[in-house]
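Results of the structural survey
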Amino acid sequence: MKYFGFLMFYLISINTFSQDGLSEFETYPVFDNCTSSEYAAQEVCFKNTLMQLVVNNFKFPAIVSEENYTGETVVLFEVTSEGKFKVIYIDAIYSELKEELNRVFDELPVISPATYNGNPTYAQFRMPLKIPLNYREMEQLPSVSAPLVKAVGSQISATQKKRLTEYDSIKSKPFVSKLSSSDILIPLSHERYSRFDAAMNRIGNNSHTGTKPYLFSEVSKYYDFDSEFKEAKTRSTWVGRKIWNEHLVTFQGDNYWFTGDVVLDLQAGKDFQSDVAFTYNNTRGAIFQGGLGENFNFYTVVFESQGRFADYFNRYAESIGPFGGNPAIIPGRGIAKEFLDDGYDFPVAEGYVSYKFSDFFNVQFGHGKNFIGDGYRSLLMSDIASPYPYLKFNTSFWKLKYTNTFMSLRDVRGEVVEEGSYRTKFMANHYLSLNLTKRFNLGLFESVIWQNDNGRGFDVNYLNPVIFYRSIEFSTGARGGNAIIGITGKYKWSDQINLYGQWIIDEFSTEKIFGGNKSWKNKLGYQVGVKYFDAFNVPDLYLQAEYNQVRPYTYSHNSIVLNYGHNNQSLAHLWGANFREIIGIARYRKDRLYGNAKVIYGKRGFDFNDGLDDKYYGGNIYRSERDRAFEDGVKIGQGNTTTTFFTEVEAGYIVNPATNLKVFASLIYRNFNPQVNTDLIFKENTVWFNVGLRTDIFNWYYEY
């Protein structure tokens, strides 16, 4: 069978390949044995000699013969102006075929290059190989090597012709994805990030994992996106490829590329404790992304969504609803209007441009989310809230990465609205990540929020990328801003085990913090966690355990606009403050199959708000500190102490790895047990089942 396959390859090489009429060179490349050939015969000699060399050196991969494969392999290659053969792209179902053709072309001799106007130039060719028979002709690609004119008299004619055919000449080259090397952000998805988390955290890597979302170019240094699903079957039809393997729309020019895709998040489910027949989410949208040149990238996505969720989730969405009549804010998404009798309509748009100034500097300007830390939660900056406008600068060199982010946020409550419009506030933060050793990373974080009062607008004082924000906040007045500092750390115990943590400080009264009276000014929080990659030596089994706690009144402020929130949602932990929790997560993936399990147990303290006790116990960051219940003796869980047990199990299949389209089923169990039942906080159990088809490009959080 092996020799039969080789014979077939030889047979398909007999037909030569011809020009397609788009040639921009005058003479073909010339092998040494073709130098004596007549001019008219040089094309045939080049093609026959090349094919003979390929056939003589090609070793047919055993897997192709064993599986009796029939199909087409395409080789795009170039003969450079120096006469060297250079493979541009190989489209083949087997990686073994690609490797063998690369080897054969690497061993081809240096020849005399093609010429134009008497000068050496490059020439590009396309070689389709029908296996086992019916080899098509090889077609030359359009070349942009040299001007098409030789004299002034012909220059006008050539220029006019080029203008008249300019539109028709804009055609896509064979698409070779540049996404993995681009400065496009990898959408925030816990499941997707877990795939390359281990590769990013090997001992000796100089990676910085504390600021997310990552750029593809950052991760591709440690993780091979192209081979992630190389074991998957390739579909031969256009429809099959678009559904299972490729972007829906692709275009590649000489120095630009773009892709377009449909976005879906279609879910149907049942809250078994609800009187409503079913839950659903109906999201449709579109993604457009690409690159112009080597340094400029762009991304935009638009969602149109309608949904109705489990009862507890709906109540929370309505409890944070905005001023002005709209009934709810869907957590993580945005303001919703009414849809039918008991649903919500919540359109969302995100997008950004990303520019790489040099190997050291990248800038992003867009509308989206950011995350700081290595955990499932972040106590510094999370992706819990709705998208917001931001400007981000990344500076990377030596063993450090320094990130400056400037954001425009909104307070949408009725008590702070001015003349019917939502209140604007701004945030500036910076985060320094330093790899002190090949195992230990230290991160320093500082953030400040200020409101747009007295015509202040965006305070240019905070544009200084290296200044200490706390000093500016102090100089602008006691109510001029709200500054928070934090520390992060990560230790690579081994390639399989990582330890990580965060510490947040929201108050600087040393006497109160260390006085031992448990003052309300002791506004601190911390996180500790561990990740176990390839757990128990099982490939792609990922385990994680994490503990978080934040003391009462953290993230709040005596001026209620200066809280650490946006669109009535926390910018850090989704529970606000006055809580402690422990989280366990397990993830497993086998090719395109995946499964996740998550267990959360926590204790937190709510306000009573029952008309008899309206004091502020420190959990709701949107209340003013002036209403606090205690000066001293403050402890976590004070107020209406509530325990929460939450577990979620999900299993699915990754339909298309290029877009991260998944089909899945999930089951959520939630036990919510407060000390005292009130109108909004009362004891309940929820069992919520969902099935769906989803493009996984943002995180849903249901642990409220």
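Report on the accompanying structure. (Residues numbered from 1 in each chain as written. Predicted model: local features only at pLDDT ≥ 70, side-chain atom pairs only at ≥ 80, totals over all residues. Heavy atoms only, no water.)

This brings us to the pairing of strand E9 (residues 256-271). Two faces belong to every sheet, and in a regular strand the side chains alternate between them. One ladder, built from four bridges, connects strand E8 (residues 249-252) with E9; its direction is antiparallel. Bridge pairing in E9 places Thr-250 opposite Thr-259. Turn length for the E8-E9 hairpin, with the two strands adjacent in sequence and antiparallel, is three residues. Bridge analysis of E9 against strand E10 (residues 279-292) gives 14 bridges, and the strand direction is antiparallel. Its bridge partner being in E10, Thr-259 is matched across the sheet by Gln-289. Examined bridge by bridge, E9 and strand E32 (residues 684-695) share seven bridges and lie antiparallel to one another. Among the inter-strand pairings, Leu-266 is bridged to a residue of E32, identified as Leu-693. (Pairing = 2+ DSSP bridges. Helix = DSSP H or I, 4+ residues; strand = E, 2+ residues; numbered from the N terminus.)

So, on to helix H4 (residues 95-106). Between its first and last C-alpha atoms H4 spans 16 Å; for twelve residues at 1.5 Å apiece the expected length is 16 Å, and the two agree. Among all positions in H4, only Leu-97, Glu-100, Leu-101, Val-104 and Phe-105 are buried. Buried residues of H4, seen end-on, are gathered within an arc of 130° and therefore sit on one face of the element. The exposed set on the far side of H4, more than 90 degrees from its buried face, consists of Glu-99 and Asp-106. Buried residues in H4 make contact with helix H2 (42-57), helix H3 (62-66), strand E1 (71-79), strand E2 (85-91) and strand E5 (123-131). (Expected span 1.5 Å × (residues − 1). Buried < 20%, exposed > 50% of the residue type's maximum accessible area, 1.4 Å probe, protein only. Arc of directions from axis to C-beta. Contact = heavy atoms within 4.5 Å.)

The subject of this paragraph is a nonpolar patch on the surface. Together, Trp-238, Val-239, Ile-243, Leu-248, Val-249 and Val-262 give the surface a local cluster of nonpolar side chains, amounting to about 530 Å² of exposed area. Per element, the largest residue contribution to the nonpolar patch is three residues, and it comes from helix H8 (residues 238-244). On the accessibility criterion, Leu-248 (36% relative accessible area) is partly exposed. (Patch = residues over 30% accessible without salt bridge, like charges linked within 9 Å, V, L, I, M, F, W, Y side chains within 5 Å. Areas by Shrake-Rupley, 256 points an atom, 1.4 Å probe, with all protein chains shown as cover. Salt bridge = Lys/Arg side-chain N within 4 Å of Asp/Glu carboxyl O.)

With that settled, consider H2. Here H2 spans 22 Å end to end across 16 residues, near enough to the 22 Å set by a 1.5 Å rise per residue. Those residues of H2 that fall on the buried side of the exposure criterion are Gln-42, Cys-45, Phe-46, Lys-47, Thr-49, Leu-50, Met-51, Val-54 and Val-55.

Before going further, it helps to examine the side chain of Ser-386. Along the chain, Ser-386 turns up in the loop between strand E17 (371-372) and strand E18 (388-397). Judged by its relative accessible area of 2%, Ser-386 is buried. Engagement of the side chain of Ser-386 in a polar contact is seen with the side chain of Gln-569, the distance being 2.8 Å. For Ser-386, the contacting residues outside a window of four places in its chain are Ile-329, Gly-332, Arg-333, Gly-334, Lys-369, His-566, Asn-567 and Gln-569. (Polar contact = N/O pair within 3.5 Å; in protein donor to acceptor, adjacent residues only side chain to side chain.)

Evaluated as defined, the whole model comprises 51 aromatic pairs. Where Phe-393 meets Phe-406, the ring centres are 6.5 Å apart and the plane angle is 75°; that geometry is what we call edge-to-face. Highlighted residues: Phe-393 in strand E18 and Phe-406 in strand E19 (residues 400-411), separated in sequence by 13 residues. A relative accessible area of 7% places Phe-406 in the buried class. Ring centres 5.5 Å apart and planes at 20° place the aromatic pair Tyr-555 and Tyr-564 in the stacked group. The same class applies to Tyr-555 and to Tyr-564, which are both buried. The ring of Phe-278 has Arg-308 sitting right over it, with the charged end atom 4.8 Å from the ring centre. (Phe/Tyr/Trp six-rings, centres within 6.5 Å; stacked < 30°, edge-to-face > 60°. Lys NZ or Arg CZ within 6 Å of the ring centre and 35° of its normal.)

A cis geometry characterises the amide bond from Lys-212 onward to Pro-213, with omega recorded as 5°. With respect to the helices, strands and loops of the structure, Pro-213 is situated in the loop between strand E7 (211-212) and helix H7 (216-219). The phi torsion at Phe-536 lies on the positive side, around 55°, for a residue other than glycine. Positionally, Phe-536 belongs in the loop between strand E24 (524-532) and strand E25 (541-550). At Asp-540, a position not held by glycine, the phi torsion is positive, near 65°. In this structure, Asp-540 sits in the loop between E24 and E25. For Asp-540, a relative accessible area of 37% corresponds to the partly exposed category.

Read these as geometric descriptors, not functional statements.
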